[in-house]
Amino acid sequence: MNSSQDREPAPAVYDHGGGVRSLRVPIPDNPLGHTLVYVVDTDRGPVLIDTGWDDPASWDTLASGLTACGTSVAEIHGVVVTHHHPDHHGLSGRVREASGAWIAMHAADTAVVRRTREARPERWFSYMTAKLAAAGAPQEHIAPLRAARPRTLPGLSPALPDRDIVPGELLGLPGRRLRAIWTPGHTPGHVCLHLEEAHPARLPGHGRLFSGDHLLPGITPHIGLYEDPDDTTVTDPLGDYLDSLERVGRLAPAEVLPAHQHPFPGAAARVRELLAHHERRLTDLLTLLAEPLTPWQLAERMEWNRPWADIPHGSRTIAVSEAESHLRRLVKAGRAEAVPGSDPVTYVAVQ
């Protein structure tokens, strides 16, 4: 994600009114700082929207925050996961073990979770090595992925959800109206959740939107490739994201409750900002593609929140994935094309 200044630190537990509170669950060693985990009261007990990173300090914060809300982990009725990333889904399994709660996720992200659990770490490393080589990454970047790895790695056994989130349908939360909105882009199964109830402060608009990472007040989510070692489908994550943004803008919620930073009104205006941001970025990339470039070379030349030389190894891999997602959008729109016979493949703007 591209970072910007956040607001002053908020309380660890915040009451948003109307039976909705949020907990600031820390993400270890991450500039985002925390995930906003939402606690939604229902007639069957509290339901969590996301859970935070699987880390002892994060678990302690979640547990103490629920106590401050007048409840406990043991009383959680269900967990609704906006998407499979570990700062959202990480503690879901531990919450289920402590409470018997169900876990719900969109089927596309559940498939990612199942694949992650079943694939050996070596399979992922060999897949990523091949992907980076095809993108034109230098050998010094690829070499660490070829090194010996431990048998187990953090985040490779996320909890398998036991309920599907069905786009367009109300979730089964007794006494609440929470509708699933499928918003692929950041992940293939990302969902926003529209609370179709009057805003407790009577702000103008249609209810409230739990937006996960899809719509954030001051940063743009990472839009990379949907990685699947066994699927050769050419996806278009950035196209998915832009389409999803427009869908959310039409909802016109009174307030957005995101998973990072802070709640904000004006969803439609923020959507317009993001659409304009991505169009400017695509236009800038076409300027760079006046000469043939591999995805790695394009990533090196793109504007990030710090110079390329200061971006660490893992973040460079993420940056190349984002460059590739932009290339796919440009190719699909007929604004760029692969250079025939190039190896690794280079791309150039269509004149």
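Since we're looking at a predicted model, the values are computed, not measured. Residue numbering note: each chain is counted from 1, following its sequence as written. Under the rules for a predicted model, residues below a pLDDT of 70 receive no local features and side-chain atom pairs below 80 are neither given nor counted, while totals for whole chains, interfaces and linings still include all residues. As a rule here, side-chain values come from all non-hydrogen atoms in the structure, and water together with hydrogens is ignored.

J.: In this structure, what is going on with the environment of His 84? I would like to understand it.
T.: The residue His 84 is located in the loop between β5 (78-80) and α2 (86-89) in this model. On a C-alpha basis, the gap between His 84 and Ala 108 in space is 9.6 Å, while along the polypeptide they are 24 residues apart. By definition, residues are in contact when any of their heavy atoms lie within 4.5 Å. Residue contacts for His 84: discarding those within four places in its chain leaves His 89, Met 105, Asp 109, Val 112, Val 113 and Thr 187. Helix and strand assignments come from DSSP, with helices taken as H or I runs of at least 4 residues and strands as E runs of at least 2, each series counted from the N terminus.

J.: Explain helix α8 (residues 267-288) here, please?
T.: Residues three or four positions apart in an α-helix share a direction because the helix packs 3.6 residues into each turn. Multiplying 1.5 Å by the residue count of a helix minus one yields the expected span of that helix. Helix length check: α8 (22 residues) gives 32 Å between terminal C-alpha atoms against 32 Å at 1.5 Å per residue, within 8%. The rule is simple: take the accessible area with a 1.4 Å probe, protein chains only, and divide by the maximum for that residue type; under 20% is buried, over 50% is exposed, in between is partly exposed. Taken as a whole, α8 has its buried residues at Ala 267, Arg 270, Val 271, Leu 274, His 278, Arg 281, Leu 282, Leu 285 and Leu 286. Around the axis of α8, the buried residues are gathered within 160° of arc, so they sit on the same side. Among the exposed residues of α8, those pointing more than 90 degrees away from its buried face are Arg 272 and Thr 287. Tucked into the core, α8 has its buried residues touching α7 (237-251), β11 (255-258), α9 (295-301), α10 (313-332) and β13 (347-349). Think of the arc as the fan of directions from the helix axis to the C-beta atoms.

J.: I keep staring at the packing of α7 against α8 and nothing clicks. Help me out?
T.: Any two packed helices are characterised by the angle at which their axes cross and by the distance between the axes. Axes, fitted as lines to C-alpha atoms, cover a helix only where it is in contact. Angles between the N-to-C directions of the axes lie from 0 to 180 degrees. As a packed pair, α7 and α8 sit with axes 9 Å apart at the nearest point and diverge in direction by 155°. The angle between α7 and α8 places the two elements in the roughly antiparallel class. When you trace α7 past α8, the crossing you get is left-handed. The residues of α8 that touch α7, namely those facing Leu 238, Tyr 241, Leu 242, Leu 245, Glu 246 and Gly 249, are Ala 268, Val 271, Leu 274, Leu 275, His 278 and Leu 282. Looking at the contact of α7 with α8 residue by residue, the classes come out as 9 nonpolar, 2 polar and 1 charged. Note on angle classes: values under 35 degrees are labelled roughly parallel, values over 145 roughly antiparallel, values of 65 to 115 roughly perpendicular, and the remainder oblique. The crossing is said to be left-handed when, going from far helix to near helix, the turn is anticlockwise and less than a right angle, and right-handed when the turn is clockwise. Asp, Glu, Lys and Arg are counted as charged, while Ala, Val, Leu, Ile, Met, Phe, Trp, Tyr, Cys and Pro are counted as nonpolar; the rest, among them Gly, fall into the polar class.

J.: How should I be thinking about the sheet that holds strand β4 (residues 47-49) in this particular structure?
T.: Think of a sheet as strands paired side by side through backbone hydrogen bonds, with each pair either parallel or antiparallel. An order of β1-β2-β3-β4-β5-β6-β7 is seen for the 7 strands of this open sheet, with the pairing classed as mixed. Edge positions in the open sheet fall to β1 (13-15) and β7 (163-165), since each of these has one partner strand only. Strand-to-strand, the axes of this sheet are offset by a mean angle of 25°, without reference to chain direction. Strand pairing is assigned whenever DSSP identifies at least 2 bridges connecting the two strands. As defined by bridge partners, strand β2 (residues 20-26) adjoins strand β3 (residues 34-40) across 7 bridges and the pair is classed as antiparallel. Along β3, the bridge assignment pairs Val 25 with Thr 35. Docked against the sheet, helix α3 (residues 92-99) engages β4, β5 and β6 (102-106), running at close to 150° with respect to β6. Packed onto the sheet, helix α4 (residues 107-118) meets β6 and β7 and runs at close to 110° relative to β6.

J.: Help me understand the pairing of strand β9 (residues 191-195) in this model?
T.: The two faces of the sheet receive side chains in turn, since in a regular strand these alternate between them. Of all 5 residues that make up β9, 5 are buried, and the element is covered over most of its length. Burial along β9 is two-sided: the face carrying Val 191, Leu 193 and Leu 195 and the face carrying Cys 192 and His 194 are both buried.

J.: I keep staring at the packing of aromatic side chains and nothing clicks. Help me out?
T.: Geometry of an aromatic ring pair is reported as the spacing of the ring centres plus the angle between the planes. Stacked, tilted and edge-to-face are the three classes applied to pairs of Phe, Tyr and Trp rings, where Trp contributes its six-membered ring and a pair requires centres within 6.5 Å; stacked means planes under 30 degrees apart, edge-to-face means over 60, and tilted covers the rest. Considering all chains together, one arrives at 2 aromatic pairs under this definition. Two conditions define a charge sitting above a ring: the NZ of Lys or the CZ of Arg must be within 6 Å of the ring centre, and it must be within 35 degrees of the ring normal. The ring of Trp 304 is capped by Arg 281, whose NZ or CZ atom sits 4.7 Å from the centre of that ring.

J.: How should the environment of Ser 64 be read in this particular structure?
T.: The topology assignment puts Ser 64 in helix α1 (residues 56-68). With relative accessibility at 45%, the residue Ser 64 sits in the partly exposed group. Between the C-alpha atoms of Ser 64 and Leu 209, which are 145 residues apart in sequence, the distance is 25 Å.

J.: Explanation requested: the nonpolar core in the structure shown.
T.: Generally speaking, soluble globular proteins have nonpolar side chains that are buried together. Within the largest apolar cluster, 41 residues are counted, with the highest numbers of intra-cluster contacts made by Leu 215, Leu 289, Leu 298 and Trp 308. Setting aside residues up to four positions removed in sequence, Trp 308 forms contacts with Trp 296, Ala 299, Glu 300, Arg 316, Ala 319 and Val 320. Note on terminology: a nonpolar core comprises buried Ala, Val, Leu, Ile, Met, Phe, Trp, Tyr and Cys residues joined through side-chain atoms within 4.5 Å. Formed by 20 residues, the second largest nonpolar core is a distinct cluster that contains Val 37, Val 73, Ile 76 and Met 105.

J.: Quick question: what am I supposed to make of the packing of α8 against α10 here?
T.: It is the contact of α8 with α10, at a shortest axis distance of 11 Å, that shows an interaxial angle of 85°. Compared by their axis directions, α8 and α10 come out roughly perpendicular. Judged by residue contacts, His 278, Arg 281, Leu 282, Leu 285 and Leu 286 of α8 engage Glu 322, His 326, Arg 329 and Leu 330 from α10. Along the lines of polarity and charge, the residues of the contact of α8 with α10 split into 4 nonpolar, 2 polar and 3 charged.

J.: Can you walk me through α10 in this structure?
T.: Here α10 contains 20 residues, and its C-alpha end-to-end distance of 29 Å stays within 8% of the 28 Å for a straight helix at 1.5 Å per residue. In the segment just after α10, Gly 334 is the residue with positive phi, at about 75°.

J.: What should I look at first to understand the pattern of salt bridges in this one?
T.: Pairing is possible between side chains of opposite charge, provided their charged atoms come close. Any carboxyl oxygen of Asp or Glu within 4 Å of a side-chain nitrogen of Lys or Arg constitutes a salt bridge here. Enumeration according to the criterion identifies 11 salt bridges in this entry. With a closest N to O distance of 3.1 Å, Glu 196 and Arg 177 form a salt bridge. In this pair, Glu 196 sits in the loop between β9 and β10 (208-212) while Arg 177 sits in the loop between β7 and β8 (178-182), placing the two residues 19 residues apart along the sequence. Glu 196 sits in the partly exposed class, given a relative accessible area of 27%. Its salt-bridge partner being Arg 270, residue Glu 273 comes within 2.9 Å of it at the nearest N-O pair. Linking Glu 273 with Arg 270, this pair stays in helix α8, spanning 3 residues, or about one helical turn. According to the relative accessible area criterion, Arg 270 is buried, its value standing at 12%. Taken together, the salt bridges that share partners define one network made up of Arg 177, Arg 179 and Glu 196.

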